[in-house]
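# Structure assessment
In case you want the letters, here they are:
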Amino acid sequence: MEDIYAKFVSQKISKTRWRPVPSGSLQPAETFATGSWDNEENRVLLWSIGDLGNLDSDGGFEGDHQLLCGIGHHGDVMDLQFFDQERIVAASSTGCVTVFLHNPNNQTLSVSQQWTTAHYHTGPGSPSCSTAPCTGVVCNSPEIVTVGEDGRINLFRVDHKEAVRTIDNADSSTLHAVTFLRTPEILTVNSIGQLKIWDFRQQGNEPSQILSLTGDRVPLHCVDRHPNQQHVVATGGQDGMLSIWDVRQGTMPVSLLKAHEAEMWEVHFHPSNPDHLFTCSEDGSLWHWDASTDVPEKSSLFHQGGRNSTFLSHSISNQANVHQSLISSWLSTDPGRDRIEITSLLPNRTLSVNSLDVLGPCLVCGTDSEAIYVTRQLFS
């Protein structure tokens, strides 16, 4: 079991994100941001993990994350993404999208840009302009894409006051999350179990592709794209299932994996080691999924509970003639490979684990039990 350190912060944490490490840097991640929700005053905070894991004078482990700076945030923090080393984009339950600037010289966070009515309800039964939560943000400099409960998609640029592009009625249901596939293409997930691909090169307001689970319209809450293979996407939703999709083929997921006992709030491929994937849930669990091929005779055991991981896989193409190394381990449909090792990373069940992020050997997660957990030894 990896050493994982808890710090109690007296606020429910809705989002946690590592600050990106400068390209070419060999330093591990050491700064992360958090956003809170359901507090009298919500805040966006910046933390340093410092010398986490060093032995102190008593021979114990130091795990005290240091608060660098913070700033008040109007509404719940619904999503949080680093735009670059200095700027953080926050999505609010008020429909506002804010870019915060970190000044490392005097350790302050300040508002550098704001789109106050990025998301709002219109039409019969709603006031002239009632706000709608902004539920998801994704950044790809110089662009920021936001989605919301109003079914709207906005494309912003940091140096523009107005949206560069808005798809007003992109979805009749709530959009819960968004990710870039390729630079002009984004993928959204919604509250009726659909994945939709949008191409900003096309002028219309229609998605270029729709994928969905047949039958139950289970709301999808989170999505992440494989860092090396842009056609491979993972989603999680209200039923706690993990779905792996190949957007090039068919409209159904390639694999369905029985996972958490309640809503899956976030899913993340490891950015540099994508055979590893991480999920967190309303049921208070944080899981590490290992689909790498170098582990002999995978037991598929759920490590802490000894519970078998049910793996339901169906092939949607004959991949036998494709060189195996080119296929993501998540798309492999060889029956002998249908084993995935799952490790529970938290020592005991907590209230909802709302958010997680991974970078190099480091993981951070935030919970409703007002705690932040950090480890720097994911693969040790």
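As annotated in an unreviewed UniProt entry, the protein is Nucleoporin 43 from Pipistrellus nathusii. Checking UniProt for the protein, the heading Subcellular location (unreviewed entry) contains the comment "Nucleus".

## Considering the overall build of the protein
Helix and strand counts for the protein come out as zero helices and 33 strands. Within the span of the protein, comprising 380 residues, buried residues form 54% of the whole. Within the structure as shown, the protein displays about 16,400 Å² of accessible surface, and the carbon and sulfur contribution to it stands at 46%.

## Points about the nonpolar core
Core analysis: the largest hydrophobic core is formed by 19 residues, its most contacted members being L242, I244, L277, W289 and W330. Mapped by element, the contributors of at least two residues to this core are β21 (232-237), β22 (242-246), β24 (264-269) and β26 (286-290). With three residues, the top contributor of residues to this core is β24. Ranked by size, the runner-up nonpolar core spans 14 residues in total, among them I4, L286, L345 and A371.

## Brief notes about the packing of aromatic side chains
Applying the stated criterion across every chain yields a total of five aromatic pairs. With a centroid separation of 6.3 Å and 15° between ring planes, the pair formed by F32 and W47 is classed as stacked. Placement of F32 in strand β3 (residues 31-36) and of W47 in strand β4 (residues 42-48) is noted, with a sequence separation of 15 residues between them. A ring pair is formed by W287 and W289, whose centres lie 5.8 Å apart and whose planes are at 55°; its orientation type is tilted.

## Side note on the pattern of salt bridges
For the structure shown, the criterion picks out 12 salt bridges. R87 is paired through a salt bridge with D84; the nearest N and O atoms lie 2.7 Å apart. Since its relative accessible area comes to 25%, R87 is described here as partly exposed.

## Things to note about the sheet that holds strand β14 (residues 153-157)
As a general point, the strands of a sheet are linked pairwise by backbone hydrogen bonds and lie either parallel or antiparallel. One open sheet holds the four strands; their spatial order is β12-β13-β14-β15, and the pairing between them is antiparallel. The outermost strands of the open sheet, each flanked by one partner alone, are β12 (134-140) and β15 (165-167). Adjacent strand axes in the sheet meet at a mean angle of 15°, parallel and antiparallel pairs treated alike. One ladder, built from three bridges, connects β14 with β15; its direction is antiparallel.

## Some remarks on the pairing of strand β16 (residues 175-182)
Most of β16 sits out of view: seven of its eight residues are buried. Summarising the sheet, β16 and strand β17 (residues 185-190) pair through six bridges and their orientation is antiparallel. Residue T179 lies in a different strand from β17, and its bridge partner there is L187. Linkage of β16 to β17, two consecutive antiparallel strands, is achieved through a turn of two residues.

## Overview of the confidence of the model for the protein
Per-residue pLDDT for the protein averages 86, and the proportion of residues at 70 or more is 83%. Note that pLDDT drops below 50 for residues 295-326; the model gives that stretch 61 contacts with residues more than four away or on any other chain.

## A closer look at the sheet that holds β16
Spatially, the four strands line up as an open sheet ordered β16-β17-β18-β19, and their pairing is antiparallel. One side of each edge strand has no neighbouring strand; the edge strands of this open sheet are β16 and β19 (209-212). Here the strands of the sheet are splayed against their neighbours by 20° on average, with no regard to which way each runs. When strand β18 (residues 194-199) meets β19, the two strands line up antiparallel, connected through four bridges. Bridged to Q194 within β19 is S212.

## A few points about the side chain of S292
With respect to the element layout, S292 can be found in the loop between β26 and β27 (301-302). On the basis of relative accessible area, S292 is assigned to the buried category, the value being 7%.

## Looking at the side chain of D150
Looking at the element boundaries, D150 is found in the loop between β13 (143-148) and β14. Assessed through its relative accessible area of 12%, D150 is described here as buried. Of note is the side chain of D150, whose polar atom sits 2.9 Å from the backbone nitrogen of Y120. In terms of polar contacts, D150 uses its side chain to reach the side chain of R152, at 2.4 Å.

## Description of the pairing of strand β2 (residues 13-18)
Counting buried residues in β2 gives six out of six residues, a clear majority hidden from the surface. Direction of pairing for β2 relative to β3: antiparallel, over a ladder of five bridges. Along β3, the bridge assignment pairs T16 with T34.

The rules behind these values
Position numbers for residues start from 1 in each chain and track the written sequence from start to end. Since the coordinates come from a predicted model, pLDDT governs what is reported: local features require at least 70, and pairs of side-chain atoms require 80 or more to be given and counted, while whole-chain, interface and lining totals use all residues. For side-chain calculations, the full set of non-hydrogen atoms in the structure is used, while hydrogens and water are omitted. UniProt positions are given in the numbering used here, feature names are shortened, and annotations may be inferred rather than shown by experiment. Secondary structure is summarised from DSSP: a helix means a run of H or I of at least four residues, a strand means a run of E of at least two, and numbering begins at the N terminus for each. Note on classification: 1.4 Å probe, protein chains only; a residue is buried when its accessible area is under 20% of the maximum for its type, exposed when over 50%, partly exposed between these limits. For every accessible area listed, the method is Shrake-Rupley and the probe measures 1.4 Å; residues are considered covered only by the protein chains on display. Grouping buried Ala, Val, Leu, Ile, Met, Phe, Trp, Tyr and Cys residues that are joined through side-chain atoms within 4.5 Å yields what is termed a nonpolar core. Pairs were defined over the aromatic rings of Phe, Tyr and Trp, the Trp ring being its six-membered one, requiring ring centres within 6.5 Å. Orientation was assigned from the angle between planes: stacked under 30 degrees, edge-to-face over 60, tilted for the rest. One speaks of a salt bridge when a side-chain nitrogen belonging to Lys or Arg is within 4 Å of a carboxyl oxygen belonging to Asp or Glu. Any two strands between which DSSP finds at least two bridges are classified as paired. Axis angles are defined between N-to-C directions and span 0 to 180 degrees, where every axis is a line fitted to C-alpha atoms and, for a helix, only to the segment in contact. Think of pLDDT as the predictor's per-residue confidence, scored from 0 to 100. Whether two residues are in contact is decided by their heavy atoms: any pair within 4.5 Å suffices. Pairs of N or O atoms within 3.5 Å make up the polar contacts considered here, provided that, within protein, one atom can donate a hydrogen while the other can accept it, and that residues adjacent in sequence are counted only when both atoms are side-chain atoms.

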